[in-house]
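Observations on the model geometry
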Amino acid sequence: MKVIRRKTLAAASALTLGIGLAVTGGLAPAASAAGPETTYLVLAPQGAKTDRAAARVAAADGTVVARYDQIGVLVARSANPRFTTAVAGAGVDSVAATAGLGTALEEGETVEVPAADAVRTTADPTAEPLFAQQWDMPMMRVPQAHAVNAGSPDVVVGVLDSGISSTHPDLASQIAKDKSASCVGGVADTTEAAWNPTTSDHGTHVAGTIAAAVNGVGVTGVAPGVKVAAVKVVNDDGYIFPEAAVCGFIWAAEHGMQVTNNSYYIDPWEFNCRNDARQRPVWQAVQRAIRYSASKGVLNVASAGNSNVDLQHKTVDEGSPNNGTPETREINSACLDLPAEAPGVVTVSAVGPTGEKSYYSSYGQGVVEVTAPGGDTRFRTQGARSTTTDAILSTTFNTATRTNGWGYKQGTSMSSPHVAGVAALAVSAHPGMNPGQLAAFLQNTAVAKPCPAGVYNPVPLFSAADPHLYDATCSGGARNGFYGAGMVDAYNVVR
């Protein structure tokens, strides 16, 4: 039996979570003793207003901190240890506690690269000082695309991540500040300091891949003519709470974004199961937010994950909840990695410089739509590391010294923004496509990649005692589990 494990590329600590349950029944009396304040998602019945749910929150000694009537979801806080029971009743469909979730970033190491001397400003991305180290861009035919269309400033890509450095020389001109906000805590804060990075430059790296300017300073983005909006969903401890993700999707929908990039997964359960009362409210709230954003013209792109998991054949999860003592549970197709496996989301796997699946990339036939460069820097049995140039070079921000730079990261977190950038080019060249049409267009213009024969095993890696740690088997034909419809092609979407 295959055991599903989460193998992220950066470690993080976990916090304590009060697990929420879907509830029904009458209003229970509030407990006399207050506990720690906890954040909850409170869902009204599908299609219903939230007025009655808000009243029940107040009656259960809770406070509504954000109200998303578009999807019938409230973000509430309460110190009542019996809040999940007390809030139940008419007007409330389900409720889940969300505070203290684990890390969700798919992040690799960062290596600073000194800035090269500035060269003449040019529309040719190959003239950027660091372009020679961007092996990812020629793989997707970005230079050829830029000769036709480098993107429209009317197109905005929402970067749901850890914030974007508004002072970075490759990004300062690229950020739609009027559309940027922090959604940490589930409530939008539009102050510039709020949506700038504080403890992680993950979002700055992602933003550079999408839209770093062609300005003779550093690197090029896939779509340097478009704008990016910082939609901060990662708190200072590196955690992504469901209420922040819900806020992010709604914010993007209400502020005219055509594409969002989502390089994370929502904790504490790696897989949110629709048939598990503890996870169903989170699953429902996220689904509602994603569907609403699509109805407003937003295509959501997400990373497949770094666990080398076959998402089509999930059987056992022994790593969740990842905020305390995990429990071993059998899982199936009713259990989804969110937002990657949500309907309507374009799910992206990763490849390295050779074009082969990155050793860490999750996969799955019928789950992965397309693939893109994500890096494949391997840590070998002997402890020696292959060159960092096998990873993705983009913009960085040192949160300790508050300085900007350029550096390498790898992960499906890096492959997803490549696809978001190509989607932005497609919308720029062919305005008017709805999200479904745009998703189909990305797949139809991708360059098909066949499955490797037999068991794919990019060894030697990590441990001589477990040489099959990263075994993977690809299934399918022209559209398959490793690469979906194939490698996205920037030139194909603009010509």
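For the structure given in this document, a descriptive report is provided here.

Thresholds applied
- Every chain's residues receive numbers from 1 upward, in the order its sequence appears when written.
- Per-residue local features of the predicted model are confined to residues with pLDDT of at least 70, and side-chain atom pairs are confined, for both listing and counting, to 80 or more; whole-chain, interface and lining totals are unaffected and use all residues.
- Excluded from the side-chain calculations are hydrogens and water; all other atoms, namely the structure's heavy atoms, are used.
- Any two strands with at least two DSSP-identified bridges between them are counted as paired.
- Every helix listed is a DSSP run of H or I at least four residues long, and every strand listed is a run of E at least two residues long, numbered separately from the N terminus.
- We call two residues in contact whenever any of their non-hydrogen atoms come within 4.5 Å of each other.
- Under this scheme, a helix contributes an axis fitted over its contacting stretch, all axes are lines through C-alpha atoms, and angles between N-to-C directions fall in the 0 to 180 degree range.
- Disulfides are defined as cysteine sulfur pairs within 2.5 Å.
- In this text, buried Ala, Val, Leu, Ile, Met, Phe, Trp, Tyr and Cys residues form a nonpolar core when linked through side-chain atoms within 4.5 Å.
- To sort residues, take the accessible area from a 1.4 Å probe on protein chains only and compare it with the maximum for the residue type: under 20% means buried, over 50% means exposed, and anything in between is partly exposed.

**Describing the sheet that holds strand 8 (residues 181–182)**
Read from one edge to the other, the open sheet built from 7 strands follows the order 8-9-7-10-12-16-17, with strand pairing classed as parallel. The open sheet is flanked by strand 8 and strand 17 (370–373), the only strands paired with a single partner. Sheet topology note: the strand 7 (residues 156–161)/strand 9 (residues 227–232) ladder contains 6 bridges and is parallel. Paired with Val 156 across the strands is Lys 227, a residue of strand 9. Of the strands in this sheet, strand 7, strand 9 and strand 10 (259–262) touch helix 6 (residues 202–211), which is tilted by about 155 degrees from strand 7.

**Notes on the state of the cysteines**
In protein chemistry, a disulfide is the covalent bond that joins the sulfur atoms of two cysteines. Here the structure, examined in full by the defined rule, presents 3 disulfides. The connectivity of the disulfides in the chain is 1-2, 3-4, 5-6, where the numbers refer to bonded cysteines in sequence order.

**Description of the sheet that holds strand 2 (residues 38–43)**
The strand order across the open sheet built from 4 strands is 3-4-2-5, with neighbouring strands paired in antiparallel fashion. Looking along the sheet, the strands with just one partner apiece sit at the ends: strand 3 (62–68) and strand 5 (94–97). Neighbour-to-neighbour, the strand axes of the sheet open up by a mean angle of 25 degrees, direction not taken into account. As paired strands, strand 2 and strand 4 (residues 73–78) are joined by 6 bridges and run antiparallel to one another. Looking at strand 4, one finds that Leu 43 is bridged to Val 73.

**Here's the deal with the nonpolar core**
Side chains of a nonpolar character, in soluble globular proteins, are inclined to be buried together. Core analysis: the biggest nonpolar cluster contains 57 residues, and Val 228 and Val 419 have the highest contact counts within it. The element best represented in this core is helix 9 (residues 412–429), accounting for 9 residues. Other than its neighbours up to four places away in sequence, Val 228 contacts Val 156, Val 157, Val 159, Ile 164, Gln 174, Ile 175, Ala 176, Ala 207, Ile 210 and Ala 211. Membership of the second largest hydrophobic core comes to 43 residues, among which are Val 75, Phe 249, Ala 302 and Leu 338.

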